[in-house]
Amino acid sequence: MCLVKHVIKGRMDKCAWYDARMVKNQNEVLTAVYHQSFSGILLSREQYDSSCCPAHMKKVVEIFSEGEIDGLSEDTIVIVHDETLLKAVKKQQYDVGYYINIENRADMDYVCKMDKNFKYLILEFADVTNIPLELMIANNQKDKIQLFKKVNSIQDMKIAFAVMEVGCDGVLFSCEDVSQICNINEVLCRERFGKIELVVGKVVEVEHISIGQRDCIDCVSEMTQQEGFIIGSTSSGGLLVSSETHELPYMKIRPFRVNAGAIHSYVWNAKMETNYLSELEAGSELLCVDTDGNTRPICVGRIKCEYRPMLKVVAEVNGVRVNAIVQDDWHIRIFGADKEPKNASLIKPGDELLVYLCDQGRHMGISIEETITEK
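Per chain, the residues get numbers from 1 upward, laid out in the order the sequence is written. Reporting in this predicted model follows two pLDDT cut-offs: at least 70 for local features of residues, and 80 or more for side-chain atom pairs to be given and counted; totals over whole chains, interfaces and linings ignore these cut-offs and use all residues. Side-chain measures were taken over the full set of non-hydrogen atoms in the model, leaving aside hydrogen atoms and water.

Enquirer: For this particular structure, what's the right way to read unusual backbone geometry?
Expert: Excluding glycine, residues mostly have negative phi values, and the peptide bonds linking residues are mostly trans. The phi angle at Q93 is positive, at roughly 70°, despite the residue not being glycine. A helix here means a DSSP run of H or I that spans at least four residues, while a strand means a run of E at least two residues long, and both kinds are numbered starting from the N terminus. Here Q93 shows up in the loop between α3 (83-91) and β6 (95-102).

Enquirer: What exactly am I supposed to notice about helix α5 (residues 131-139) here?
Expert: Looking only at α5, the buried set comprises P132, L133, M136 and I137. Looking straight down α5, one finds that the buried residues subtend no more than 140° of arc, so they occupy a single side. When checking whether two residues touch, look at their non-hydrogen atoms; a contact exists if any pair is within 4.5 Å. Along its buried surface, α5 packs onto α4 (105-113), β7 (120-125), β8 (146-151) and α6 (154-162). Only protein chains enter the area calculation, which uses a 1.4 Å probe; residues under 20% of their type maximum are buried, those over 50% are exposed, and those in between are partly exposed. Arc definition: directions from the helix axis to the C-beta atoms.

Enquirer: How do you make sense of the pattern of salt bridges when you look at a structure like this?
Expert: Should the charged atoms of two oppositely charged side chains come close, the side chains can pair. Salt bridges, as used here, are contacts in which a Lys or Arg side-chain nitrogen is within 4 Å of a carboxyl oxygen on Asp or Glu. Counted according to the given criterion, the structure contains 18 salt bridges. Between D19 and R21 there is a salt bridge, and its shortest N-O distance comes to 2.8 Å. Just as D19 is buried, R21 falls in that class too. Between E306 and K304 there is a salt bridge whose closest N-O contact spans 3.7 Å. Taking relative accessible area as the criterion, E306 reaches 22% and is therefore assigned partly exposed. Judged by relative accessible area, K304 falls into the partly exposed class, the value being 23%. Beyond isolated ion pairs, a larger network of salt bridges with shared partners links D19, R21, E62, E124 and K150.

Enquirer: I would appreciate a short explanation of the packing of aromatic side chains in the present structure.
Expert: Two descriptors summarise a pair of aromatic rings, namely the distance from one centre to the other and the angle between the planes of the rings. Here a Phe, Tyr or Trp ring, Trp counted by its six-membered ring, pairs with any other such ring whose centre lies within 6.5 Å, and the pair is stacked when the planes are under 30 degrees apart, edge-to-face when over 60, and tilted otherwise. Summed over the entire model, instances satisfying the criterion amount to 9 aromatic pairs. Between Y120 and F148, the aromatic rings sit 5.9 Å apart at their centres with planes inclined by 80°, giving edge-to-face as the arrangement. Here Y120 is found in strand β7, whereas its partner F148 is found in strand β8, with 28 residues between them in sequence. This pair shows no difference in class: Y120 is buried, exactly as F148 is. Geometrically, the ring pair formed by W268 and Y356 is edge-to-face, given 5.7 Å between the ring centres and 85° between the ring planes. Of this pair, W268 sits in strand β15 (residues 266-268) while Y356 sits in strand β22 (residues 352-357), and the two are 88 residues apart along the sequence. Exposure remark for Y356: the relative accessible area of 3% places this residue in the buried category. Every member of this aromatic cluster is reached through a ring pair, and the members are Y266, W268, Y276 and Y356.

Enquirer: Sorry, what's going on with the nonpolar core here?
Expert: Generally speaking, soluble globular proteins have nonpolar side chains that are buried together. Nonpolar core, defined: a set of buried Ala, Val, Leu, Ile, Met, Phe, Trp, Tyr and Cys residues in which side-chain atoms within 4.5 Å join the residues together. Core analysis: the largest hydrophobic core is formed by 55 residues, its most contacted members being Y18, L121, M157 and F173. If we ignore the near neighbours within four places in the chain, the residues touching M157 are A16, V151, V171, F173, I184, V187 and L188. The next biggest cluster of nonpolar side chains, apart from the first, holds 31 residues, and it includes I231, L280, I298 and I347.

Enquirer: Sorry, what's going on with the sheet that holds strand β2 (residues 15-19) here?
Expert: Backbone-to-backbone hydrogen bonds join strands into a sheet, with any given pair of strands oriented parallel or antiparallel. Strand order in the closed barrel formed by 8 strands is β2-β3-β4-β5-β6-β7-β8-β9, with parallel pairing between adjacent strands. Sheet twist, expressed as the mean angle between neighbouring strand axes with direction ignored, is 25°. The rule for pairing is simple: two strands pair if DSSP sees at least two bridges between them. The pairing of strand β4 (residues 58-62) with strand β5 (residues 77-80) spans 3 bridges and is classified as parallel. Each bridged residue has a counterpart across the sheet, and for V61 the counterpart in β5 is V78. Every axis corresponds to a line fitted to the C-alpha atoms, with the helix fit spanning only the stretch in contact, and the corresponding angles, defined between N-to-C directions, vary from 0 to 180 degrees.

Enquirer: Looking at this structure, I do not really get helix α1 (residues 26-34). What am I missing?
Expert: Since the α-helix turns once every 3.6 residues, residues separated by three or four places project in the same direction. Looking at α1, one finds that the buried residues are V29, L30, A32 and V33. Taken down its axis, α1 places every buried residue within 155° of arc, on the same side. Each element contacted by the buried residues of α1 is listed here: β2, β3 (40-44) and α7 (178-181).

Enquirer: Whenever I open this one, the state of the cysteines confuses me. Can you help?
Expert: Put plainly, a disulfide is one covalent bond tying together the sulfur atoms of two cysteines. A pair of sulfur atoms, both from cysteines and within 2.5 Å, is called a disulfide here. One pass over the full model with this rule turns up 0 disulfides. No disulfide involves C52; its sulfur sits 6.9 Å from that of C53, the nearest cysteine. With no disulfide partner, C175 has as its closest neighbouring cysteine sulfur the one in C182, 11 Å distant. On the accessibility criterion, C175 (13% relative accessible area) is buried.

Enquirer: Honestly, the side chain of E68 in this entry has me stumped. Any pointers?
Expert: Here E68 is to be found in the loop between β4 and β5. None of His or the chain ends enter the tally, which takes Lys and Arg as positive and Asp and Glu as negative. The side chain of E68 is buried and forms no salt bridge, while R45, the nearest opposite charge, is found at 5.6 Å. Pairs of N or O atoms are called polar contacts if they sit within 3.5 Å, as long as, within protein, a hydrogen donor faces a hydrogen acceptor (for residues adjacent in sequence, only side-chain-to-side-chain pairs). A polar contact of 2.5 Å, which involves the side chain of E68, links it to the backbone nitrogen of F64. Dropping the residues within four chain positions of it, E68 is found in contact with R45 and I63.

Now the structure itself:
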């Protein structure tokens, strides 16, 4: 039985539509598309009547004349390329999107000044630079429309979701490479905010142990005072170790860092799998967790390993024990049940900490059903 399920919330979710208008190898490509989390598929009017897509995908149809509206189901999203047709579709009560190719500054200015009385704005850019997309995001931040960018690869998709920090609301994915299509789910999950359940554990053991190697995880973006990483010695879970965002009397705070713990330790990553601290490197993507259990992906910039005195902290929840071995020093913080950071070297039996529990058993970081005993 799974103790904790990773839940994707609907906060700032990104989405992807697949562009099937010009697909040549339809059987192979669309089979792969239908097994991914595309929320819509863009079709030509000719494709629309014969297309049969899964229930989780909306039909999105491109039309060029008012007569092509006839025969469309009420839940169809209609895409147009000119404002006159846009008005005709709106009268028919369809959700409508406006598609435009941005080839120069005049095109961009035209879109920015449009009356945004439609739901979706799909942008196709002639130039590789992200500057016009940045300007479009800035100019449309107060509008309620959903901004999409046409992309041709997974890498383009990741960038579109990251531009100006907020990124596009969605992408129109135009690529027939099945290997890339099959990675869509992974990218979408990383772009979504999630939530894990944190529970209260009582400290049952604190032990000062010998010198060991401990890793600091330096990230490419800052964390808040309520965020950190789940660190544990066993696959059954770990403790929420705080970022270095709290007062340090002899040095400046480093809000990009978590002084995580001994190199053997598990840390949970953005796929809800585990990595050993020792195998992390620049570019690794981890699960940043706050004291309410809200999660987001965060990328490693570097790992710094040094020899330090170590401290073992063991907490118990309903007979299940988890532990974290961290540097034995006052400035290391582990979050308490009151969501306040506790100085590691002052933690004592009876204290209550925030604990993450999950099913025991990992193979290469992946959860498995197998008889495994860890102490």
